[in-house]
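In case you want the letters, here they are:
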Amino acid sequence: MCLVTLCLFVAVTSVRFNRNTAIVNRPLNDARYFIAYVEHFRGETPSDVIRPASNWRMLVPFVAALSPFEPLTAINITNQLLLLLSMVMLYYSMLHIGIGKGYVWLGLTLFSVSFPAFYYTTIGYVDAGVMFFVSTCIYATLKQSWWLFALSFVLGFLAKESIVVVVPFVVTYLYLRGNKKQAFVLGLLLSVIYVAESYLVRQYAYLTPGEKNNLFWVINTENIGLNIKRINSLLAPVLTLGLVGLIYVGNFTSTLKTNKTLAWASMALLGTTFAMYAFAFITTYADGRPLWLAYFVMILVGMYGLQHQAKKY
């Protein structure tokens, strides 16, 4: 089963490898900035500008720069490896909360054979990279391994600032387990770390001379109009949630009855991803990538609930 799941993962994530135009014909868009960042880390002259917010998201380009492949290929191989490691974290997380092997493999299959794994993993972006750190933070929360959580959170910010989705999850999880003081302290500490890291990265990350590091995510009525008319802004979130979302919704109540801590913590994270999508919708181009970050917890809840339902019969 392990080999089958691995083959499915490689097959699905390789379809759009290096933005394969035979499948979906799309321009490089922001991928060109990450390509330039890889070139910068290799000591080469960047082929394009390095600008906000690509300059904040340095971890995947830095790791990719260490490989011998051309920049876009290096980014996408790095993304595949990090997403594969996310599946390892998902495997051990499901086992830790008592999910049986059959449902574990079903969950891993749903994770890999999905629209976002196909559409976003190997197109030169870095969302697959931050998924790994989201997964390790959630695994660390379940295991109560706070050194792993702290390390994953700090490094995760360097992958992408959307690592913030784990904060509502861990705070809700601790609070509902009765650790109210710990939840408050950790929430405050993570907020301070996030703000401090945001400041340091914005101050010291490389930026092409002439580019400005201003806060550019502001409400833009023109972008709102474009998103309303843009099929990718409206359809991609639906496709991203897909079957995983349906299974999550269908089994949420079952999980809530037996593991309310996991259920409500998952809602906190999912609500944050919806807020990120809404913010992107009114400020820039929106798509399904913020919602993809909820896959880990949606599969945990979905498989937990499915197993509990099956035990009734």
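Residues numbered from 1 in each chain as written. Predicted model: local features only at pLDDT ≥ 70, side-chain atom pairs only at ≥ 80, totals over all residues. Heavy atoms only, no water.

How should I be thinking about the nonpolar core in this particular structure?
Most often, soluble globular proteins have nonpolar side chains that are buried together. Ranked by size, the top nonpolar core spans 93 residues in total, and within it Met-94, Ile-138, Phe-153, Ile-163 and Leu-300 carry the most contacts. Of all the elements, helix H7 (residues 127-143) adds the most residues to this core, at eleven residues. Beyond its immediate chain neighbours, meaning those up to four positions away, Phe-153 contacts Cys-137, Ile-163, Val-166, Val-167, Leu-190, Ile-193, Tyr-194 and Glu-197. (Core = buried A, V, L, I, M, F, W, Y, C linked by side-chain atoms within 4.5 Å. Buried < 20%, exposed > 50% of the residue type's maximum accessible area, 1.4 Å probe, protein only. Helix = DSSP H or I, 4+ residues; strand = E, 2+ residues; numbered from the N terminus. Contact = heavy atoms within 4.5 Å.)

Explain the side chain of Thr-261 to me, please; I cannot follow it from the model alone.
Examined against the element boundaries, Thr-261 turns out to sit in helix H13 (residues 260-283). The class for Thr-261 is buried, based on a relative accessible area of 11%. For Thr-261, the residues in contact, after removing those within four places along its chain, are Tyr-173, Leu-176 and Arg-177.

Sorry if this is basic, but what is going on with the packing of helix H8 (residues 146-159) against helix H10 (residues 180-204) here?
Axes are the key here: two packed helices are described by the angle between their axes and the distance separating the axes. With their axes 10 Å apart at the nearest point, H8 and H10 run at an angle of 30 degrees to one another. In terms of orientation, H8 lies roughly parallel with respect to H10. Pair H8 / H10 crosses with right-handed handedness. Residues Trp-146, Phe-149, Phe-153, Val-154, Phe-157 and Leu-158 of H8 lie in contact with H10, whose contacting residues are Gln-182, Leu-186, Leu-190, Ile-193, Tyr-194, Glu-197, Ser-198 and Val-201. (Axes fitted to C-alpha atoms, helices over the stretch in contact; angles between N-to-C directions. Parallel < 35°, antiparallel > 145°, perpendicular 65-115°, else oblique. Left-handed = near helix turned anticlockwise from the far one by under 90°.)

Looking at this structure, how should I read H7?
Helical geometry: 3.6 residues make up each α-helical turn, so side chains three or four residues apart lie on a common side. Over its 17 residues, H7 runs 24 Å from end to end, which matches the ideal 24 Å to within 8%, given 1.5 Å per residue. Judged by how many residues are buried, H7 sits mostly within the fold: 16 of 17 residues are covered. (Expected span 1.5 Å × (residues − 1).)

Sorry if this is basic, but what is going on with the environment of Pro-61 here?
Its location among the elements puts Pro-61 in helix H3 (residues 59-65). Spatially, the C-alpha atoms of Pro-61 and Thr-78 are 8.6 Å apart, while their sequence positions differ by 17 residues. Residue contacts for Pro-61: discarding those within four places in its chain leaves Phe-34, Tyr-37, Val-38, Phe-41 and Val-126.

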